[in-house]
Every structure is written in structure tokens, then in C-alpha cells.
Amino acid sequence: MASPSGADPAVVGPYLAAVLGDERWRSADVELIAAGMSNLTYVVTPDGGTPDDAVILRRPPTGAVLATAHDMAREHRVVSALGPTPVPVPRTLHLCTDPAVLGAPFYVMERVVGVHVVDQLPPGYADEPAQRRAIGDGLVDVLAELHAVDPAAVGLADFGRPEGFLARQVRRWTTQWEATRDRDRPALDALAARLAQTVPGSRRTGVVHGDYRLDNCLLDPDRPGGVRAVLDWEMSTLGDPLTDLGMLFVYWPQAGEEGAGALSQVTTLPGFPTRAEIAERYARRSGADLADLSWYVGFAYFKFAAIVAGIVARSAAGAMAGKDTSGYADRIDPCVERGRAALADGAI
């Protein structure tokens, strides 16, 4: 079997044996997980071990050029800090900041066993509408728990710069779009300009996940609605929590819709709450004022379009480790239209 790109078992095994103080890791199997389009995630199992013995290794994409989006130390820090809070996260085990080991910094965490829903529910899981409603409610409740965390209380007071966060985010993703522009897209440029002109004043500050959605969570195998772990913290920072709610909506098509840019239609199944119902539950659980929610939804579609452009660019550069990105460029224009509709018509 060929070694997975970015994590040679001949290097990973002996390194883990040394830092974890366990010779079982001297020889290890490394498997690249197919899910995810940004940082690379591997399951590492000691030779002769079982899935229960495995750990997870996270590192930036090979050949990554946008280093700030792939900061392993920041991701390790936020996951470690949230460990004692009600937010479900894996337990971190080790951070390596020496790029000489694997060519980039990486970290290792426990492997959490849970249901990973991408494009369909597993057979026999959440077959009933009430169970699907529970999944939607559970995701909202965990998001509200995250946004209730006091950053200073968990050692994250300096994890970001909340002042001017929204305007800075618009600039950041506009810059990323310009850096990965595949062709002229005047409507995307116009959406960026409109967002910059209409930035609302932030009412709250908290830990922001940055890409919160169903397939970035592991669900309880025995209790639909329970969240075992929230994953993929690479975009986390301190800022306006409503950016997380807006991004969740990008990935939440409703019955009768084609989800613009969404990779999955799971949430169109009977029982899953609508986006309006999600907003109502989040407002009730968090106490947040959602008067400007449509701006956050517009920004989320813009951000998603910029992310897709980045994926397309990395794929063209051969930096996606064999992941299939065919058709991704076609997702950009529908996202731009959804973003425009949110700003112009208040659509969520």
C-alpha cells in the first residue's frame, strides 16, 4: 500500500512512540480520511491495534500557500481550551511545531467514535422525523453552548481581535477570492462590495468556529441529537458569533430547495428543522438579537464562494491529495445569487 501523502508511516510511527511514550506506535498504519477539503486528517493505528487504539493526526494540505488558514497551533489551542467546557471536542494529545518532521506542523488527538453524516444518513439511523428534528436541535444547542463560553475563562482572551471583526472578515475573504480568482465574476465582486458597505455593528463577541455544520460534527450513534464532537476548528477565532449561524444556513437546504453550494441534501429530509426554526431556537437558547441575520447569511454565502475558489485553486496546483473537486467551480455562481438575495430581500 502506498504511503498517504503528507504523513509517512515510517516517520509518524516512531515519532508517536517517542512523544507518547508507548512503543506500540513504533510501527503504525496511516490512513487519509476522505472527508474534508482543507486541512488533512489521518487515522493512525498502531500495528496490530484495533480501531479503539487509533488516534487522529491533523496537518495542513501539502503545498498549502494560504498559511493563516492552516495554523495547527491555533487549532490545537482552541480544541484544548474547550476541553473542560460543555462544548464536545476531542482530547488533544500532542502538538508538533517542527516542520522538519512531516514538512509542516501537525497535532494529534483522540479518535472519537461517532456518526459522521455527509451526504446521507446511515441505514437505520434517525429514520424517524422526530429523531431528525433532534439532530437539528442538538446542533443548534451546541452552537449556543460554544457562543456562551467566556474566552478569558478558558485562556482564549487573546485568540482573536473582536474589534472590527466583520469588516476585517469581508476584507480577508475578498483578498482570498482575488488571490484565487479562476475567471472574472462581476457578481461576486459586487457582492463583496455590497457587504463592505453594509457591515452591521457587532452586538456580541465569542469563540467562533468559522465553519460550523452537520458534517463537521460527530453524532451520538445511540442517541440522534447528541453531538459527540465538533471537528475542524481551523477557521476558529474570537469574533461575532452570528457568522457561525449564517454559515450553518449555507449548508442547510430545506425541503423543496436545491442547496446552493451545499454538498448534502440530508437536511431536506422530513423532520429536519427549517432555517427559520433554527434561527428561532438559537435566539431562544442564546438570547441573541437576530435583526441583522440576513447580512450574516449574505456574508456566509460570499465566504463559501471564496472558500470554493480556494479549493479549486489548490486542486489545480495538485495540493488536495487526490480529492475529487470536479464541479466545484460550478457552485460559486449559485452562492453569489443566494448572497445577493439575502442582502437585497432579507432571504435566509
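### Quick look at the side chain of Arg132
And then number 1: Along the chain, Arg132 falls in helix 4 (residues 129-148).
And then number 2: Although buried, Arg132 forms no salt bridge, and the nearest oppositely charged side chain, Asp127, lies 5.1 Å from it.
And then number 3: When neighbours within four sequence positions are excluded, Arg132 is seen to be in contact with Leu121, Ala126, Asp127, Leu269, Pro270, Gly271, Phe272 and Pro273.

### Here we look at the sheet that holds strand 4 (residues 92-96)
And then number 1: Ordered in space as 1-2-3-5-4, the five strands form an open sheet in which the pairing is antiparallel. Each edge of the open sheet carries a strand with a single partner, namely strand 1 (28-32) and strand 4. When the angles between neighbouring strand axes are averaged without regard to direction, this sheet yields 25 degrees.
And then number 2: Bridge count between strand 3 (residues 55-59) and strand 5 (residues 106-110): four bridges; the pairing is antiparallel. Across the sheet, the residue bridging to Val55 is Glu110, located in strand 5.
And then number 3: Where helix 1 (residues 9-19) meets the sheet, it contacts strand 1, strand 2 (40-46), strand 3, strand 4 and strand 5, and its direction lies at approximately 120 degrees from that of strand 1.
And then number 4: Sheet contacts for helix 2 (residues 72-82): strand 3, strand 4 and strand 5; angle to strand 4, the most-contacted strand, approximately 160 degrees.

### A word on the side chain of Asn39
And then number 1: With respect to the helices, strands and loops of the structure, Asn39 is situated in the loop between strand 1 and strand 2.
And then number 2: A residue is classified by how much of its surface remains accessible, and Asn39, at 3% relative accessible area, is buried.
And then number 3: A polar atom in the side chain of Asn39 sits 3.4 Å from the side chain of Glu234.

### Some points on the pattern of salt bridges
And then number 1: Using the criterion set out here, one finds 22 salt bridges in the structure.
And then number 2: Of the charged contacts, one joins Asp137 and Arg281 as a salt bridge, the two residues approaching to 3.5 Å between their closest N and O atoms. Of the two residues, Asp137 is situated in helix 4 and Arg281 in helix 8 (residues 275-286); the sequence distance between them amounts to 144 residues.
And then number 3: The exposure class of Arg281 is buried, given its relative accessible area of 17%.
And then number 4: Two residues, Arg275 and Glu257, come together in a salt bridge whose shortest N-O distance is 2.8 Å. Taken together, the residues span a long stretch of sequence, with Arg275 in helix 8 and Glu257 in the loop between helix 7 (242-250) and helix 8 at a distance of 18 residues.
And then number 5: A relative accessible area of 6% means that Arg275 is categorised as buried.
And then number 6: Look at the salt bridges and you will find they share partners, linking Arg58, Glu75, Asp232 and Glu234 into a network.

### Considering the packing of helix 6 (residues 186-197) against helix 10 (residues 332-345)
And then number 1: Between helix 6 and helix 10, whose axes approach to 10 Å, the crossing angle comes to 35 degrees. Every pair of crossing elements has a handedness; the one defined by helix 6 and helix 10 is left-handed. Judged by residue contacts, Ala187, Leu188, Leu191, Arg194 and Leu195 of helix 6 engage Ile332, Val336, Gly339, Arg340 and Leu343 from helix 10.

### Considerations on the packing of aromatic side chains
What characterises a pair of aromatic rings is the spacing of the ring centres plus the angle enclosed by the ring planes.
And then number 1: In total, this model carries six aromatic pairs according to the counting rule given.
And then number 2: Every member of this aromatic cluster is reached through a ring pair, and the members are Trp295, Tyr296, Phe299 and Phe302.
And then number 3: In this structure, Arg74 packs its charged tip against the face of Phe159, placed 3.9 Å from the ring centre.
And then number 4: The positively charged end of Arg331 is found above the aromatic ring belonging to Tyr328, 5.3 Å away from the centroid.

About the cut-offs
Residues numbered from 1 in each chain as written. Predicted model: local features only at pLDDT ≥ 70, side-chain atom pairs only at ≥ 80, totals over all residues. Heavy atoms only, no water. Helix = DSSP H or I, 4+ residues; strand = E, 2+ residues; numbered from the N terminus. Buried < 20%, exposed > 50% of the residue type's maximum accessible area, 1.4 Å probe, protein only. Lys, Arg positive; Asp, Glu negative; His and termini not counted. Salt bridge = Lys/Arg side-chain N within 4 Å of Asp/Glu carboxyl O. Contact = heavy atoms within 4.5 Å. Pairing = 2+ DSSP bridges. Axes fitted to C-alpha atoms, helices over the stretch in contact; angles between N-to-C directions. Polar contact = N/O pair within 3.5 Å; in protein donor to acceptor, adjacent residues only side chain to side chain. Left-handed = near helix turned anticlockwise from the far one by under 90°. Phe/Tyr/Trp six-rings, centres within 6.5 Å; stacked < 30°, edge-to-face > 60°. Lys NZ or Arg CZ within 6 Å of the ring centre and 35° of its normal.

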